[in-house]
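Each chain, written out:
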Amino acid sequence: MIYHRGEVQRAQEFRDYVSPLRGSAHSAVESHGDFTGKSTGHTDRTRGIRITDTTGTIRFLDTTLRDGEQTPGVSLTSEEKVWIARRLDALGVDVIEAGSAITSEGERDGIRAVVHENLDAEICSYCRIREIDVEKAIECDVDSIHLVVPVSDLHIEKKLEKDRETVRNDAIHLCEFAKDHGLIVELSGEDASRADLDFLKSLYADGIEAGADRLCFCDTVGILTPERTTRIFKELSDLGAPVSIHCHDDFGLATSNTVAAILAGAAQAHVTINGIGERAGNTPLEEVAMVLLSLYHRETRINYKELYTTSRLVSRLTGVPVAPNKSIIGGNAFTHEAGIHVHGLLADPFTYQPISPEVVGREQRIVLGKHTGRASIDASLHELGIVASDAQLDDIFTRVKELGDKGLRVTDADLQAITETVLGIYKEAKVKLEELTVVSGNRVTPTASIKLTVDGNHVVEAGIGTGPVDAAIDALKKAISELQDIELEEYHVDSITGGTDALVEVFVTMRSDKKVVTAKGARTDIIMASVEAVIEGINRLME
Ligand code: KIV
Ligand code: ZN
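Residues numbered from 1 in each chain as written. Chains lettered and ligands numbered in written order. Predicted model: local features only at pLDDT ≥ 70, side-chain atom pairs only at ≥ 80, totals over all residues. Heavy atoms only, no water.

Take the nonpolar core next. Membership of the largest hydrophobic core comes to 87 residues, with the highest contact counts inside it found for Phe-60, Phe-217, Phe-233 and Leu-285. Here this core spans two domains, and each of domain 1 (11-318) and domain 2 (335-423) adds at least three residues to it. Apart from the residues lying within four places of it in its own chain, the contact partners of Phe-233 are Phe-217, Val-243, Ser-244, Ile-245, Ala-261, Ala-264 and Ala-266. Counting 30 residues, the second-largest nonpolar core is a separate cluster that includes Ile-450, Val-504, Val-517 and Ile-538. (Core = buried A, V, L, I, M, F, W, Y, C linked by side-chain atoms within 4.5 Å. Buried < 20%, exposed > 50% of the residue type's maximum accessible area, 1.4 Å probe, protein only. Domains from an automatic or database assignment. Contact = heavy atoms within 4.5 Å.)

The next point concerns the sheet that holds strand β13 (residues 431-439). Strand pairing in a sheet relies on backbone hydrogen bonds. The paired strands run either parallel or antiparallel. Reading across the sheet, the 3 strands line up as β13-β14-β15 and stay open at both edges, with antiparallel pairing between neighbours. Bordering the open sheet on either side are β13 and β15 (457-464), each of which pairs with just one other strand. In this sheet, neighbouring strand axes are inclined to one another by 15° on average, regardless of whether the strands run parallel or antiparallel. On the sheet, helix α18 (residues 526-541) packs against β13 and β14 (447-454) and is oriented at approximately 150° with respect to β13. (Pairing = 2+ DSSP bridges. Helix = DSSP H or I, 4+ residues; strand = E, 2+ residues; numbered from the N terminus. Axes fitted to C-alpha atoms, helices over the stretch in contact; angles between N-to-C directions.)

Here we take up the domain arrangement of the protein chain. As far as domains go, the protein chain holds domain 1 (11-318), domain 2 (335-423) and domain 3 (431-541). Between the C-alpha centres of domain 1 and domain 2 the distance comes to 43 Å. With both chains or domains summed, domain 1 and domain 2 bury close to 900 Å², and 70% of this area falls on carbon and sulfur atoms. The interface formed by domain 1 and domain 2 includes 0 salt bridges. Scanning the region where domain 1 abuts domain 2 turns up 3 residue pairs in polar contact (both at pLDDT 80 or more). (Buried area = accessible area lost by both parts, 1.4 Å probe. Salt bridge = Lys/Arg side-chain N within 4 Å of Asp/Glu carboxyl O. Polar contact = N/O pair within 3.5 Å; in protein donor to acceptor, adjacent residues only side chain to side chain.)

Attention shifts here to unusual backbone geometry. Backbone geometry follows two general trends: most residues other than glycine have a negative phi, and most peptide bonds adopt the trans configuration. With a phi close to 60°, Asp-141 is a non-glycine residue in the positive phi region. Looking at the element boundaries, Asp-141 is found in the loop between α5 (131-139) and β6 (144-150). Taking relative accessible area as the criterion, Asp-141 reaches 47% and is therefore assigned partly exposed.

Looking at the metal site, the zinc ion (ligand 2) is ligated by Asp-67 (OD), His-246 (NE2) and His-248 (NE2), spaced 2.0 to 2.1 Å from it. The sequence pattern formed by the donor residues of the zinc ion (ligand 2) is D-x178-H-x1-H. Of this pair, Asp-67 sits in the loop between β3 (59-62) and α3 (78-91) while His-246 sits in strand β9 (residues 243-247), placing them 179 residues apart in sequence. (Donors = N, O, S within 2.8 Å, 3.2 Å for Na, K, Ca; no water.)

Now the structure itself:
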């Protein structure tokens, strides 16, 4: 259930709540998307790219398409890279690390496809300290390279089987080589957090001498703490080039360490959407952006309203789900069930929310369940345009609690059904399933045909999909497309009992314009459970 309680007013209240925004970061909310490069730093090549930033605006290098793609099991096609890159550009990131050109011909196709989009963001390729890596990056026509130099003795001796001086010379040579080819160079110290800081500083100094435009400090295995990060970045502040911070989340400190680095002088944060990446992942963009905006009032070029849609796209294309309790972008980040919280929220959303969800492109949600209070039910009925007496409200409240006590989720469709029973009203479903046929197998495109009764008329449609469920839902959506534009926002399957004959419950969240409903279907057949849930949702949306 969603409450639209005057979005304009909410936005004003948000500004009032985080009042320092008026002077500084608020202007970031208003001025995102200015990529003209005017007076914001050194520009290079043809697209108004900023290499550095002299305005104090914190920059973001997004590595979802490189480090994020290194998440086990993730591989993006060129087309998918382009979709994500377009969204990252709209989000306002300064640099998109589109991949590692040396990896394969397919990877180079993906990087080239991103370059051809002519986005405002700088497009970068990861390179090792090898000429061939830089040559492959040049073939892709990228703007910049992320030149990665292993700097800890562990990496230099065990991985490269080299010594510090050889690595230093390679780094200098590759900086010069890349600069000779007109590339922007970000010289990165891999495993810097386990390296000798004096060696690292002298390598950075040599890199700058050889033409490096930016430097980067990598906490490759996530062992920094905020205190140590602060000390290190204070030491790196007088090197004469902007320094980036690149953190991993092995101990859950990636965001804290990234923010500590920025507060101590780092100019750019390396991040991924949803924090995807190897092992425990990288620093999540959405966390750093929102911490800088809301808690430190620092300027970025991030278009905060795009955070949620970008997160959803990346999750869908990579197949890496977002935990419900994940900050900013998790399903529960702005969802409330507990009666005591909802009571407070209805009086003022800031009682139990630190920021207004609209700022990040989301909405507040109130769900019903075991912890629901009367205020939630009252508000939900109000949303549905239903007037119930006190006694009826008591009855509905008791029945909702009973469902919750059984450990069941209470969807909007459940509430509607309970309310209809208690109020003695029965609304006939507009959409009913008459027939469904699905064909699937190893040598056939999953195909479905569906026959519905819609407002008493028969509608027949066919659909295809990546699997039988997808095909069935495709056919269903087409069958009702003339009536309503319906979007399936969330689809979730739970197996209730074990085994292949298990009862499965399908939960869906569906949207039509501003109206959002939840519904469920439970069957031993996952296709039927899915279709049942979606039809239930359609009927609720059509009310
Ligand atoms: O985490 C890391 O050290 C990296 C480098 C390869 C840049 O991703
Ligand atoms: Zn990394």
